[in-house]
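Listed here are the chains, written in short residue letters.
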Amino acid sequence: MTEFTSPLITAMEVIPVAGYDSMLMTLSGAHAPWFTRNLVILHDSDGHTGIGEIHGGEYTHDSLEACIPLVVGRKVTEYRSILGAIHRAAKKDAGDDGEGIQTLDISKLKYVVKSEWAIECALLDLAGQVLGMRMCDLLGEGAQRDSVELLGYLFYVSDRHKAADLPYIDESDSSDEWFRMRREKMLTHEEIVAQAACLQRRYGFRSFKLKGGVFSGSYEMDTVRALKKAFPEARINIDPNGAWSLAEAVSLCRGMEHILTYIEDPCGPETGFSGREIMAEFKNAVHIPVATNMIATDWRQFYHSLALKSVDIVLADPHFWGFEGTVKMSQLLHDWGLTWGSHSNNHFDITLTAFAQAGASAAGEPAPLDTHWIWQDGQNLLKDAPVIKDGYLRIPDAPGLGVHPDFDRIAEANRLYNSLPYHDRNDALAMQYLIKDWKYDAKKPCLVR
Ligand code: GKR
Ligand code: MG
């Protein structure tokens, strides 16, 4: 019998990249014309390549580069102990006050995202190739399903012509109906229903989430009612990112029990109480399942959220919790009668593919996963771009992530990144074209000033 020896990791590259976005509206403002991400590429001594993608910007980039000495030279199959060494070496940044994103302060997102989960993804991709196993079979108790349901993430979109000197792309000559629509203004109830209809034709979604925190809560609930009328069979959710006061959230959501499948982060910290306490009071008053990606973003916050019974559905983004961590979370939630799902931010196809692997391993019946990728579809960095059909993404029948990086497109996305004036997400810049001197306020929808 020949003895198995794991290949060694010979190189780790960290490549910052950027892609184009629409003028999507959210509590934190209007998305800029571009978004940034960081890629991790690992090479091993047997010629395999592993890939991971995560949050953009210099802080995450530099944290990843600092990990290189802890990764290169180690055996691929030591991936768990490599991650352990990275955790032991991690230091808290002086700017991290531990607040997390319970008020959606996007400057703090880089502390909630842990850069090492991009390394974990690339390691699992490599380990899967070395062992001949899919990534979802390496996680938790292995694959629970071969395809994963996703939701259609609906956004109000502002008129990019109002920010004419910002380089939003124009896809009006695309042959694809959705690509033509997604860069144009969509602010009325009818336009959001048309957005959902187009997405349903294109990707087959049966579940929709509206990004709220833009107009008054009552206007957004009218959009939700219009969606339910147009799609009576669909799951409809709304996420105002904690913009509503407790009293407002209760009054907006009472009576919506037959319309909303769940409500995500309806309210947040107020009058000296934390988001966890306020959401627990909301749950006492309204009987709609409550989801979060804001008040439970690590195990300590999760402990308090559970003790207070503040949430039913934890959208445990693998870039907050890790891939193994999010699957562990799904197992706990399932055992306790709660539900697992995943949050997202703007991302390329690598993240979509990786999150689907976690979704395939998640225990219980996951909520359809969030993805922003429909807004980026076509700018793919993989040779095997994902195909969402009937609202589902199939897990590739190949080891690791089961995909192949397209290095030409990665180089192009890196050139775009290097040409940008800044690399951190900034939703105030475009917003100030709509409302002069606009400033973020966690308690005011972005167009309510
Ligand atoms: O992309 O504007 C956005 C979202 O608002 C994002 O920043 C949130 O983190 O989608 C996310 C959420 O579910 O809270
Ligand atoms: Mg959310």
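This part covers the coordination of the magnesium ion (ligand 2). At this site the magnesium ion (ligand 2) is bound by Asp 239 (OD), Glu 264 (OE) and Asn 293 (OD1), with donor distances of 2.0 to 2.1 Å. Along the chain, the residues that donate to the magnesium ion (ligand 2) are spaced as D-x24-E-x28-N. Here Asp 239 is found in strand S9 (residues 235-239), whereas its partner Asn 293 is found in the loop between strand S11 (290-292) and helix H11 (299-307), with 54 residues between them in sequence. For the pair Asp 239 and Asn 293, one class covers both residues: buried.

Along an α-helix, residues three or four apart share an orientation, since each turn contains 3.6 residues. Along its 14 residues, helix H1 (residues 58-71) runs 20 Å from first to last C-alpha, staying within 8% of the 20 Å computed at 1.5 Å per residue. Looking at H1, one finds that the buried residues are Thr 60, His 61, Leu 64, Cys 67 and Val 71. For H1, the angular spread of buried residues about the axis comes to 120°, placing them on one side. Away from the buried face of H1 by more than 90 degrees, exposed residues Ala 66 and Pro 69 are located.

Moving on, we get to the environment of Ala 196. Structurally, Ala 196 is set in helix H7 (residues 189-203). For Ala 196 and His 372, which are 176 residues apart along the polypeptide, the C-alpha to C-alpha distance reads 14 Å. Setting aside residues no more than four positions away along its own chain, Ala 196 makes contact with Leu 154, Phe 208, Leu 227 and Phe 231.

Lining the immediate environment of ligand 1, one finds 14 residues, of which His 31, Tyr 153, Asn 241, His 343 and His 372 sit closest. Between ligand 1 and Tyr 153 there is a distance of 2.5 Å, counted from an oxygen atom to a side-chain nitrogen or oxygen. When isolated, ligand 1 has an accessible area of 340 Å², and the protein chains bury 99% of it. Looking at the shell around ligand 1 residue by residue, the class counts come to 2 nonpolar, 8 polar and 4 charged.

Moving on to the packing of aromatic side chains. Throughout the structure, instances matching the rule amount to 17 aromatic pairs. Taking the centre distance of 5.9 Å and the plane angle of 85° together, the rings of Phe 155 and Trp 375 count as edge-to-face. Here Phe 155 is found in the loop between strand S7 (152-154) and helix H6 (177-182), whereas its partner Trp 375 is found in the loop between helix H14 (349-361) and strand S14 (388-389), with 220 residues between them in sequence. Both residues of the pair, Phe 155 and Trp 375, count as buried. Linked through ring pairs, Tyr 153, Phe 155, Trp 178 and Trp 375 together constitute an aromatic cluster. Lying over the aromatic face of Phe 179, Arg 182 brings its terminal NZ or CZ to 3.8 Å of the ring centre. Against the face of Tyr 153 rests Lys 209, its NZ or CZ located 5.6 Å from the ring centre.

In this section: the sheet that holds strand S15 (residues 392-394). An order of S6-S15-S14 is seen for the 3 strands of this open sheet, with the pairing classed as antiparallel. The outermost strands of the open sheet, each flanked by one partner alone, are strand S6 (147-149) and S14. Across 2 bridges, S14 lies against S15 in antiparallel orientation. For Lys 389, the partnering residue across the bridge sits in S15 and is Tyr 392.

Buried within helix H10 (residues 275-285) are the following residues: Gly 275, Arg 276, Ile 278, Met 279, Ala 280, Phe 282 and Lys 283. Tucked into the core, H10 has its buried residues touching helix H9 (246-253), strand S10 (262-264), S11 and H11.

Position of Asp 427 among the secondary structure elements: in the loop between helix H15 (407-419) and helix H16 (428-434). Here the side chain of Asp 427 touches Arg 425 through a polar contact of 2.7 Å, side chain to side chain. Residue contacts for Asp 427: discarding those within four places in its chain leaves Thr 26, Ser 28, Gly 29, Ala 30, His 31 and Ile 106.

Moving on, we get to the side chain of Gln 379. Residue position: Gln 379 is located in the loop between H14 and S14. Note on Gln 379: relative accessible area 16%, which makes it buried. Setting aside its immediate chain neighbours within four residues, Gln 379 contacts Gly 19, Tyr 20, Phe 35, Arg 183, Phe 348 and Arg 409.

Our focus in this paragraph is the domain arrangement of the chain. Interface size is often expressed as the accessible area that is lost when the parts come together. Domain boundaries assigned for the chain yield domain 1 (9-134 + 408-417) and domain 2 (137-402). Taking only C-alpha atoms into account, the centre of domain 1 sits 21 Å from that of domain 2. Residue-level contacts link 49 residues of domain 1 with 64 residues of domain 2. Regarding the contact of domain 1 and domain 2, the summed buried area is about 4700 Å², with carbon and sulfur atoms giving 62% of it. Looking at the side of domain 1 facing domain 2, the largest losses of area belong to Met 23, Gln 102 and Arg 134, adding up to 20% of the total buried there. Across the domain 1-domain 2 interface, the total number found is 3 salt bridges.

To continue, consider the sheet that holds strand S1 (residues 9-20). Remark on secondary structure: sheet strands pair via backbone hydrogen bonds, oriented parallel or antiparallel. Here we have 3 strands laid out as an open sheet, ordered S1-S4-S5, and antiparallel in their pairing. Two strands lie at the open edges of the sheet, namely S1 and strand S5 (49-55), each paired on one side alone. Each strand axis lies, on average, 20° off the axis of its neighbour in the sheet, ignoring direction. Looking at chain direction, strand S4 (residues 34-44) and S5 are connected through 7 bridges and run antiparallel.

Reading the values: rules and limits
Position numbers for residues start from 1 in each chain and track the written sequence from start to end. Chains carry letters and ligands carry numbers; both start at the beginning, A for chains and 1 for ligands, and go up in the order they are written. For this predicted model, a pLDDT threshold of at least 70 governs which residues receive local features, and a threshold of 80 or more governs which side-chain atom pairs are given and counted, while totals over whole chains, interfaces and linings are taken from all residues. The basis for every side-chain value is the complete set of non-hydrogen atoms in the structure, without hydrogens or water. For Na, K and Ca the donor cut-off is 3.2 Å; for every other metal, N, O and S atoms count as donors within 2.8 Å. Water does not enter the count, which can leave sites looking incomplete. Segments assigned H or I by DSSP are reported as helices when at least four residues long, segments assigned E as strands when at least two residues long, and all are numbered from the N terminus. Burial status follows relative accessibility: with a 1.4 Å probe on protein chains alone, a residue under 20% of its type maximum counts as buried, one over 50% as exposed, and anything between as partly exposed. Multiplying one less than the number of residues by 1.5 Å gives the expected span of a helix. This arc is taken over the directions from the axis of the helix to the C-beta atoms. Note on contacts: a residue pair qualifies if any of its non-hydrogen atoms lie within 4.5 Å across the two residues. Any residue with a heavy atom lying within 4 Å of a molecule or strand is counted as near it. Residues adjacent in sequence count toward polar contacts only when both atoms are side-chain atoms; beyond that, a polar contact is any pair of N or O atoms within 3.5 Å, and within protein one must be able to donate a hydrogen and the other to accept it. Where accessible areas are quoted, they stem from the Shrake-Rupley method and a 1.4 Å probe; at the residue level, only the protein chains shown are allowed to cover. Residues were grouped as follows: Ala, Val, Leu, Ile, Met, Phe, Trp, Tyr, Cys and Pro as nonpolar; Asp, Glu, Lys and Arg as charged; and all remaining residues, including Gly, as polar. Here is the rule: rings of Phe, Tyr and Trp (six-membered ring for Trp) pair when centre to centre is within 6.5 Å. Planes less than 30 degrees apart are stacked, more than 60 are edge-to-face, and the remainder are tilted. We call a charge positioned above a ring when the Lys NZ or Arg CZ atom is no farther than 6 Å from the ring centre and deviates by at most 35 degrees from the ring normal. What makes two strands pair is DSSP finding at least two bridges between them. Where each domain begins and ends follows an automated or database-derived domain assignment. We define buried area as the total accessible area lost by two parts upon association, computed with a 1.4 Å probe and summed across both. Any Lys or Arg side-chain nitrogen found within 4 Å of a carboxyl oxygen on Asp or Glu counts as a salt bridge. To define axes, lines are fitted to C-alpha atoms, for helices over the stretch in contact only, and angles between the resulting N-to-C directions are given on a 0 to 180 degree scale.

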